[in-house]
Amino acid sequence: MIYGDRIRFRAPEKEDIAMFVDWLNDPEVRAGLSLFLPMSVAKEEHWFENMLKRPQEEQPMTIEVQDEVGWNPIGNVGLFGFNDISRSAEAGIMIGEKAYWDQGYGTEAMKLLLKHGFETLNLNRISIQVFANNPRAIRCYEKVGFVHEGRSRQAIFTDGVYYDVLWMSVIREEWTSEG
Ligand SMILES: CC(C)(COP(=O)(O)OP(=O)(O)OC[C@H]1O[C@@H](n2cnc3c(N)ncnc32)[C@H](O)[C@@H]1OP(=O)(O)O)[C@@H](O)C(=O)NCCC(=O)NCCS
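This structure is a prediction, so every number in the text was calculated from the model and none was measured. (Residues numbered from 1 in each chain as written. Predicted model: local features only at pLDDT ≥ 70, side-chain atom pairs only at ≥ 80, totals over all residues. Heavy atoms only, no water.)

**Details of the pattern of salt bridges**
Right, on to step 1. By the definition in use, this model includes 12 salt bridges.
Right, on to step 2. Glu28 serves as the salt-bridge partner of Lys98, at 2.7 Å between the closest nitrogen and oxygen. Of this pair, Lys98 sits in the loop between strand 5 (88–95) and helix 4 (105–120) while Glu28 is found in helix 2 (residues 27–30), placing the two residues 70 residues apart along the sequence.
Right, on to step 3. A salt bridge links Asp164 to Arg151; the shortest N-O distance between them is 2.7 Å. With Asp164 in strand 8 (residues 161–171) and Arg151 in strand 7 (residues 147–158), this pair connects stretches of sequence that are 13 residues apart.
Right, on to step 4. On the basis of relative accessible area, Asp164 is assigned to the buried category, the value being 18%.
Right, on to step 5. A relative accessible area of 51% means that Arg151 is categorised as exposed.
Right, on to step 6. Connected through salt bridges with shared partners, the residues Arg8, Arg10, Asp16 and Glu64 form a single ionic network. (Salt bridge = Lys/Arg side-chain N within 4 Å of Asp/Glu carboxyl O. Helix = DSSP H or I, 4+ residues; strand = E, 2+ residues; numbered from the N terminus. Buried < 20%, exposed > 50% of the residue type's maximum accessible area, 1.4 Å probe, protein only.)

Put into structure tokens, the structure is as follows:
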């Protein structure tokens, strides 16, 4: 487990698959992701089996929060696209339980992911791509120190509209564990 103040990261389990499918079929959750078609348990099982074959540092982690009865999963977070020479990777996050949006959990998860990336995996650069029509995610990344570095114009087409894709990154030397 990787522990933050209110959250922890754990490895995803097979038993989580049905929950992931529910999250990925929620149009509001999916709007920020590059997913446009309905997700099935069979497809997600296939994804899960392939995911386990990836190097462990590239496997997503499940975000959990604690309540009176124990730890509850609320989403997934992870790093992918590692470049071993440049010591870089790309981040991704999904809080699938919408009741937990806008309470700082995404910010805390990204903070913990950056700490993990820089202090455990010894990365030098962590980047993220975000759709310009996702102000909640953009704000969340800005709060933990991601810097805007570029924009792919009209790179995503969703609900009949083209949106820009923003590129953001954090470099090890400008990052502090305090966030
Ligand atoms: C994006 C996501 C990770 C953010 O997590 P979260 O826990 O909701 O975010 P936080 O509460 O930590 O921070 C959200 C910030 O955005 C702000 N915000 C929310 N809606 C906003 C809006 N429409 N415009 C501007 N800011 C907004 C919040 O007020 C908060 O900022 P503040 O703390 O300064 O008030 C989460 O909502 C999510 O997983 N969404 C669905 C999947 C997704 O879009 N993933 C990202 C792909 S790049």
